[in-house]
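An overview of the molecular structure
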Amino acid sequence: MEFVVFMTLPGLVILLVGIAFGDQLLRATGRGRRRGQVSATGFEQLHATFSPGKQSELKERQSALLMKDDEEDGAPPHRSTVDLDGGRAVVRLPRVPKAQ
């Protein structure tokens, strides 16, 4: 019978609040060593159920995680370097042949 209660919307919210409380309790005692929060994922999915904008945001976030992110994207290949620690940037312009 308890399972049927959690199949309703108010029951789902009660279950998510209970999971959030338990998750925060584990993190406070030092037993939860992960970076993210389990309860946040559940509440985001619940929010996405009622908000189409949130659904597209979650889909965009998922596709961004799957895309390859190269360090050299958008920069000219092997011409410019930036040393943030040394505070130095080197920009090499491409050589243009002189007209005769």
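Rules of the game
- Residues numbered from 1 in each chain as written.
- Predicted model: local features only at pLDDT ≥ 70, side-chain atom pairs only at ≥ 80, totals over all residues.
- Heavy atoms only, no water.
- Helix = DSSP H or I, 4+ residues; strand = E, 2+ residues; numbered from the N terminus.
- Buried < 20%, exposed > 50% of the residue type's maximum accessible area, 1.4 Å probe, protein only.
- Contact = heavy atoms within 4.5 Å.
- Areas by Shrake-Rupley, 256 points an atom, 1.4 Å probe, with all protein chains shown as cover.
- Salt bridge = Lys/Arg side-chain N within 4 Å of Asp/Glu carboxyl O.
- Expected span 1.5 Å × (residues − 1).
- Polar contact = N/O pair within 3.5 Å; in protein donor to acceptor, adjacent residues only side chain to side chain.

A separate point is the overall build of the protein chain. Along the protein chain, the regular secondary structure elements total four helices and two strands. Its helices and strands in sequence order give the protein chain the pattern α-α-α-α-β-β, from N to C terminus. The buried share among the 100 residues of the protein chain stands at 11%. Within the protein chain, contacts between residues separated by at least 24 positions form 16% of all contacts whose residues are at least 6 apart in sequence. Looking at the protein chain as shown, the accessible area adds up to about 9,200 Å², and 60% of this sits on carbon and sulfur atoms.

Counted according to the given criterion, the structure contains four salt bridges. Note that E57 is salt-bridged to K54, the shortest N-O span being 3.6 Å. Taken together, the positions of E57 and K54, both in helix α4 (residues 52–66) and three residues apart, correspond to about one turn of that helix. In this structure, E57 and R61 form a salt bridge, with 2.9 Å as the shortest nitrogen-oxygen distance. Residue E57 and its partner R61 are located together in helix α4, separated by four residues, close to a single helical turn.

With respect to the secondary-structure elements, R92 resides in the segment after β2 (88–90). Expressed as a C-alpha distance, the spacing of R92 and S80, which sit twelve residues apart in the sequence, is 5.7 Å. Setting aside anything within four residues of it in sequence, one finds R92 in contact with R79 and S80.

Before going further, it helps to spend a moment on helix α2 (residues 9–29). Between its first and last C-alpha atoms α2 spans 30 Å; for 21 residues at 1.5 Å apiece the expected length is 30 Å, and the two agree. Of the positions making up α2, those classed as buried are G11, L16, A20 and D23. Measuring from the backbone nitrogen of G11 back to the side-chain oxygen at the start of α2 gives 3.3 Å, which picks out T8 as the cap. Phi turns positive, to about 90°, at G30, one or two residues after α2.

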